[in-house]
Each structure stands twice: as C-alpha cells, then as structure tokens.
Amino acid sequence: GNSVTQMEGPVTLSEEAFLTINCTYTATGYPSLFWYVQYPGEGLQLLLKATKADDKGSNKGFEATYRKETTSFHLEKGSVQVSDSAVYFCALTGSGNTGKLIFGQGTTLQVKP
Amino acid sequence: GAVVSQHPSWVICKSGTSVKIECRSLDFQATTMFWYRQFPKQSLMLMATSNEGSKATYEQGVEKDKFLINHASLTLSTLTVTSAHPEDSSFYICSARDDSWIEAFFGQGTRLTVV
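What counts as what
- Residues numbered from 1 in each chain as written.
- Chains lettered and ligands numbered in written order.
- Predicted model: local features only at pLDDT ≥ 70, side-chain atom pairs only at ≥ 80, totals over all residues.
- Heavy atoms only, no water.
- Contact = heavy atoms within 4.5 Å.
- Buried area = accessible area lost by both parts, 1.4 Å probe.
- Salt bridge = Lys/Arg side-chain N within 4 Å of Asp/Glu carboxyl O.
- Polar contact = N/O pair within 3.5 Å; in protein donor to acceptor, adjacent residues only side chain to side chain.
- Helix = DSSP H or I, 4+ residues; strand = E, 2+ residues; numbered from the N terminus.
- Nonpolar A, V, L, I, M, F, W, Y, C, P; charged D, E, K, R; others polar.
- Phe/Tyr/Trp six-rings, centres within 6.5 Å; stacked < 30°, edge-to-face > 60°.
- Buried < 20%, exposed > 50% of the residue type's maximum accessible area, 1.4 Å probe, protein only.

(A) The interface of chain A and chain B, seen in detail. Contacts between the two partners involve 20 residues from chain A and, on the opposite side, 20 residues from chain B. Summing both sides of the interface, chain A and chain B together bury roughly 1500 Å²; the carbon and sulfur share of this comes to 55%. One salt bridge connects B:Glu59 with A:Lys100, and the closest N-O pair in it is separated by 3.2 Å. Connecting chain A to chain B are five residue pairs in polar contact (both at pLDDT 80 or more). Among the elements that make up the side of chain A that touches chain B, the one with the highest residue count is strand β5 (residues 32–38) of chain A (four residues). Among the residues forming the side of chain A that touches chain B, the class breakdown is seven nonpolar, ten polar and three charged.

Here is the structure:
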C-alpha cells in the first residue's frame, strides 16, 4: 500500500541555518505530493505541493522537488527563522484523485535564535 | 487558499456524554470531507471520508457507531463522538475539498478532553 516515511526529529537548528527534512514514499501509480506545516495547537496548513515528476513546489522560501527515480520529496529552506518552528508533515494522495491523504509521521523543527 | 472552519476549538466533556464537532467550508462547496485523529506527537490518522448526501466511509478499526459522521450539506460535516470515554481524548481535525481540486484544506482542529 501507499506510505510516507520522514526523517525522525526533532531537528534543532540555529537561525539562518540550512534546513533539509527528508521524505520518501511508496505508492502505486502517480501520486501527488505535499508538505503541510502544523504550528502548536493549530490545524494543518498546506506549505507546498507537486503533482508530477520533476515538479518543484515552493512557498515562503521552502522548496521540494518531486523525484520519481528516488521516490523522494525532500523539504529544503536556505535560511530558517525562529518563526519556522513547527511540525512538518509530508503527505501523498494516490492516483484517482480521491483526496485521501496519507501522512508521514511528522518532523518537529525547532529553530533557536 | 480556501477556508475551513472547525468548531469548537476545544471541548471538555464528562465520560458517557456525546460531543459534536462541526466542520464548515466557508467559501467553497465541499463535495468531500475527511476526519482525522491525531494523538500527541504523532501523525494524523484518517478516520473516515464523507461525501455530501451519502454515508461516510470509515477506515479499518474505526467504530462507525461511536464516531457518527453526517455530511448533510455541501458546506457542513459533523462528527459526533458518542458515549465518550477518556481514551477518546485527542485532537480531531477535518479537511474539505471540492472534487475538482488536487488538495484539501484543513480546519484548525478540535481538542477533545474526556474526564
């Protein structure tokens, strides 16, 4: 079945450091891939998405490229800020556009001043 | 992005009572809504998928008689936790989408505490 695996956290970085959060997936067909962010006590916000191989999703300085050959969708940001501290979830929807999301386990990012 | 509103944001109830959580799409018609449950420091687990005007589809292991889902209109779905017990305490999150979209949009979540 479809699944998503994220690197375990927590990830602790200093402000302005480079961020990478690894995400790999297993899926049949051609899934769409997403990164969601969850701030403390809140629901999820869509951060970025990619719907086909080699697409790059980007938003608020974050980027992720859909790599079919390595089944990966790693999240990167060149310079993190304290306000980026949150839990990040990688997710996919399978073929067929059901909208049903399968989430990775989440990675907590803590950015220190 | 589209706006999904969930209410209440938190609720405390006594064991044995029922609690209703509402999920509304404010600026679009949601043909499909999803209900998730999130335990502390864990990922979201899909509980059920509801389509307007039809019965919800529950994921394996989710008790349909305990977690009643109603999607009576294109802008409202409700989750009722019946005869709540302390182990039902959790963070419940809904999401909604129009079937023509790739992504779904999430509500802000409801923190349920059963005492």
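The discussion continues.
(B) Here's a closer look at the pattern of salt bridges. Residues and elements named next belong to chain A. Counted according to the given criterion, the structure contains six salt bridges over all chains. Where Lys-56 meets Glu-63, a salt bridge forms, and the shortest distance between an N and an O atom there is 3.6 Å. A salt bridge links Asp-84 to Lys-77, with the nearest nitrogen and oxygen atoms 2.8 Å apart.

(C) Representation of the packing of aromatic side chains. All told, the structure shown has ten aromatic pairs over all chains when counted by the stated rule. For the pair A:Tyr36 and A:Phe103, a centre-to-centre distance of 5.9 Å together with 55 degrees between the ring planes defines the contact as tilted. One end of the pair, A:Tyr36, is in strand β5; the other, A:Phe103, is in strand β11 (residues 101–103), and 67 residues separate them in sequence. Classification of A:Phe103 as buried rests on a relative accessible area of 9%. With a centroid separation of 5.7 Å and an interplanar angle of 40 degrees, the aromatic rings of B:Tyr36 and B:Phe106 are classed as tilted. One end of the pair, B:Tyr36, is in strand β4 (residues 32–38); the other, B:Phe106, is in strand β10 (residues 105–106), with 70 residues separating them in the sequence. The class for B:Tyr36 is buried, based on a relative accessible area of 1%. The exposure class of B:Phe106 is buried, given its relative accessible area of 9%. Clustering of aromatic rings is evident, with ring pairs tying together A:Phe34, A:Tyr36, A:Phe89, A:Phe103, B:Tyr36 and B:Phe106.

(D) Spotlight on the environment of B:Phe106. For the pair formed by B:Phe106 and B:Leu68, sequence separation is 38 residues and the distance between their alpha carbons is 19 Å. Once you skip the residues sitting within four places of it in the chain, B:Phe106 turns out to touch A:Tyr36, A:Leu44, A:Leu101, A:Phe103, B:Val4, B:Tyr36, B:Leu44, B:Ile93, B:Cys94 and B:Ser95.

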